[in-house]
Amino acid sequence: MEGPMEGLIKKALKVCDVDYAEVHIEERLTTRVSYAGKEMEDVGTHTTLGGNVRAFSKGGWGFVSFNDTSRIQECAKNACMQAKLVEGKGGKLARSEPVKDTVRVELADDPAGIPLEQKEKITRSYNDIILKSEKIKTSRVRYQDSRIRRYFFNTEGSEIIEERVYCGIGYYAVARDGSNVQISFDSVGGTEGFNTVFNQEADVERVAKEAVDLLKAEKVKAGKYTVIVDQLLAGVFAHEAFGHLSESDFLYRNERVKKIMELGKRFGPDELSIVDDGTLLGERGYYKYDDEGVMSQKTYLIKDGILVGRLHSRETAGKMGEKPTGNARCISYRFHPIVRMSCTFIEPRDRSLKEMLSGIKRGIYAKGAYGGQTQLEMFTFSARRAYLIEDGKIGPLTRDVVLSGNVFETLRNIEAFGNDIELHGGLGGCGKDGQGPLPTSTGSPHVRIKNVIIGGK
């Protein structure tokens, strides 16, 4: 049975006199609880309701967002007028079959049904664990859940209502000894419900211990090393250093990178395959339809060492003569959808960590990432934690390990892939073009890379 919201949207689409138009409506319920040190920093639940109309006319886009749904028709007319003012740029939207679907999320422990007191209690308990250590000077623990209902209707006949639920918690510890300050953090997050944040006591203790242990660690000596990166750091590398180069809204505007990212080129050894897959139910990067109504899918970017694919919206697919991949996403109704990753990972092979360590006389075992910076094909990442590898065994803890280099050279220098893939969503996400954090996941097995430049003392 058609509800009042669907009726409003259909009336708005009827006034659209352009090549193509779509209406998004978003209802969002969000709860946040956070502690900083001994103090509660934030607690509350809020709801938002808003939408946008996007119109396309002969290559030009119009976009109007709103919070008052009674203004949809007026906004639709304005979006169409904007599109006509900038039309004539050329280009077309790649075809996408119209879809009528309703995607409901029914979870036994839906965060929306959990009392706020219970969310506050678990946040406070993790914060208390961090603050138990004398060397810990401050902490931050942040819980967040969101329940979202999105309406997507377009002039081609698509009528999609999709619910999404996200839940996660992040914990951050700062240890200090005089002027020596060290931090550690981690987070969990996904789409499986409130159980995602249960039983994190051991991980929270680990984070606090890691910050304290780093106070005593020696700084790493700069140089070139054979490096084994763990699942989290390798996944961040796949997303930040390579995945963004595969996003076609960036590619089609940059002739130099378009030439570098020519399909069919070899980018690494036969064992190297990198995938973007939004169909992995439970992962933070999961969704059924993107924000153009295109179903999410599994897309190989590199398969068996060869570049075979890239990520598209309908517009970029139309410009490049390829098919949409279901990667047009926006952080909320206030923004245009742009080409984004979903769950991006390196596929596993057959090596154990012990086998990968074997034969390394002196190397680095790097775990986790504080994040990093990329400039086209150049990257810099800081490891969250690292150990020296000595005669094939993991040795003492070291710190201030910064990995840098050229992404294509680094892919070619991968010597081995582990059999132990892990995927990670956490509480954050991608921040492309100021739209962050967009829920994404990253993953990888352990990966061994030769000749990695390590910054240090």
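Bear in mind the structure is a predicted one, so any value in this text is a computation, not a measurement.

### With respect to a nonpolar patch on the surface
Then, in step 1: A contiguous nonpolar surface patch, about 210 Å² in accessible area, is contributed by Met-40, Val-43 and Leu-116.
Then, in step 2: Along the chain, Met-40 turns up in strand β2 (residues 39-57).

### Details of the UniProt feature "domain: Metalloprotease TldD/E N-terminal" (unreviewed entry) in the protein
Then, in step 1: Feature annotation in UniProt places "domain: Metalloprotease TldD/E N-terminal" (unreviewed entry) on residues 21-82, given in this structure's numbering.
Then, in step 2: The span residues 21-82 is 18% helix and 68% strand, and its two end C-alpha atoms sit 12 Å from each other.

### Structural notes on the nonpolar core
Then, in step 1: Within the largest apolar cluster, 45 residues are counted, with the highest numbers of intra-cluster contacts made by Phe-242, Ile-364 and Leu-411.
Then, in step 2: Of all elements in the fold, only β9 (223-229), α5 (231-242), β11 (298-303), β16 (362-375), β17 (378-390), α10 (407-412), β20 (414-417) and β23 (447-455) reach the threshold of two or more residues within this core.
Then, in step 3: Among the elements that take part in this core, α5 stands out by supplying 8 residues, more than any other.
Then, in step 4: Ignoring any residue separated from it by four or fewer positions in sequence, one finds Leu-411 in contact with Phe-237, Phe-242, Phe-267, Gly-268, Pro-269, Leu-272, Ile-274 and Ile-302.
Then, in step 5: Ranked by size, the runner-up nonpolar core spans 23 residues in total, among them Ile-129, Ile-136, Ile-169 and Ala-208.

### Focus on the side chain of His-446
Then, in step 1: Inspection of the secondary structure puts His-446 in the loop between β22 (441-444) and β23.
Then, in step 2: On the basis of relative accessibility, which here comes to 5%, the residue His-446 falls in the buried class.
Then, in step 3: Among the polar contacts listed, one links the side chain of His-446 to the side chain of Asp-420, at a separation of 2.6 Å.
Then, in step 4: In contact with His-446, other than residues within four places in its own chain, are Ile-228, Val-229, Asp-230, Gln-231, Leu-353, Met-356, Tyr-365, Ala-416, Phe-417, Gly-418 and Asp-420.

### What about the sheet that holds strand β15 (residues 343-346)?
Then, in step 1: What the 6 strands build is an open sheet, ordered β12-β11-β10-β15-β22-β21; its pairing is mixed. The two strands at the open ends of the sheet, each matched to only one other strand, are β12 (306-307) and β21 (422-424).
Then, in step 2: Here strand β10 (residues 274-277) runs beside β11; their pairing, made up of 4 bridges, is antiparallel. Bridging across to β11, Asp-276 finds its partner in Thr-299.
Then, in step 3: Sitting on the sheet, α5 is in contact with β10, β11, β12, β15, β21 and β22, with an inclination near 120° to β22.

### Overview of the state of the cysteines
Then, in step 1: In the structure shown here, the tally under the stated rule is 0 disulfides.
Then, in step 2: Cysteine Cys-75 remains unbridged, with the sulfur of Cys-16 as its closest cysteine sulfur at 11 Å.

### Section: unusual backbone geometry
Then, in step 1: Between Gly-436 and Pro-437 the backbone carries a cis peptide bond, its omega angle lying at 0°.
Then, in step 2: By the element assignment, Pro-437 lies in the loop between β21 and β22.
Then, in step 3: Within the chain, Lys-58 stands out as a residue other than glycine whose phi angle is a positive 50°.
Then, in step 4: Turning to its location among the elements, Lys-58 is positioned in the loop between β2 and β3 (60-66).
Then, in step 5: The class for Lys-58 is partly exposed, based on a relative accessible area of 49%.
Then, in step 6: Phi at Asp-400 is positive, roughly 60°, even though this residue is not glycine.
Then, in step 7: Secondary-structure assignment places Asp-400 in the loop between β18 (393-399) and β19 (402-406).

### A closer look at the pairing of β15
Then, in step 1: Neither face of β15 is exposed, since Cys-343 and Phe-345 on one face and Thr-344 and Ile-346 on the opposite face are all buried.
Then, in step 2: Pairing geometry for β10 and β15, over 3 bridges, is antiparallel. Along β15, the bridge assignment pairs Asp-276 with Thr-344.
Then, in step 3: Strand direction decides the pairing type here: β15 and β22, joined by 3 bridges, are parallel. Across the sheet, residue Cys-343 finds its bridge partner in β22, namely Ser-441.

### Side note on the packing of aromatic side chains
Then, in step 1: A full pass over the atoms with the stated rule returns 12 aromatic pairs.
Then, in step 2: Here Phe-194 and Phe-198 contribute two aromatic rings whose centre-to-centre distance is 5.2 Å and whose plane-to-plane angle is 85°, an arrangement assigned as edge-to-face.
Then, in step 3: Accessibility expressed as a relative area gives 1% for Phe-194, which makes it buried.
Then, in step 4: Arranged with centres 5.2 Å apart and planes meeting at 70°, the rings of Phe-267 and Phe-408 form a pair that is edge-to-face.

### A closer look at the domain arrangement of the protein
Then, in step 1: Per the domain assignment, the segments making up the protein are domain 1 (4-216) and domain 2 (219-455).
Then, in step 2: Distance between the C-alpha centres of domain 1 and domain 2: 22 Å.
Then, in step 3: Across the contact, 52 residues belong to domain 1 and 38 residues belong to domain 2.
Then, in step 4: Taken together, both faces of the contact between domain 1 and domain 2 bury some 3800 Å²; the carbon and sulfur share is 51%.
Then, in step 5: Residues Glu-292 and Arg-54 are paired through a salt bridge, measuring 2.8 Å at the closest nitrogen-oxygen approach.
Then, in step 6: Where domain 1 meets domain 2, there are 21 residue pairs in polar contact (both at pLDDT 80 or more).

About the criteria used
- Residues numbered from 1 in each chain as written.
- Predicted model: local features only at pLDDT ≥ 70, side-chain atom pairs only at ≥ 80, totals over all residues.
- Heavy atoms only, no water.
- Patch = residues over 30% accessible without salt bridge, like charges linked within 9 Å, V, L, I, M, F, W, Y side chains within 5 Å.
- Areas by Shrake-Rupley, 256 points an atom, 1.4 Å probe, with all protein chains shown as cover.
- Salt bridge = Lys/Arg side-chain N within 4 Å of Asp/Glu carboxyl O.
- Helix = DSSP H or I, 4+ residues; strand = E, 2+ residues; numbered from the N terminus.
- UniProt positions renumbered as here; feature names shortened; annotations may be inferred.
- Core = buried A, V, L, I, M, F, W, Y, C linked by side-chain atoms within 4.5 Å.
- Buried < 20%, exposed > 50% of the residue type's maximum accessible area, 1.4 Å probe, protein only.
- Contact = heavy atoms within 4.5 Å.
- Polar contact = N/O pair within 3.5 Å; in protein donor to acceptor, adjacent residues only side chain to side chain.
- Pairing = 2+ DSSP bridges.
- Axes fitted to C-alpha atoms, helices over the stretch in contact; angles between N-to-C directions.
- Disulfide = S-S within 2.5 Å.
- Phe/Tyr/Trp six-rings, centres within 6.5 Å; stacked < 30°, edge-to-face > 60°.
- Domains from an automatic or database assignment.
- Buried area = accessible area lost by both parts, 1.4 Å probe.

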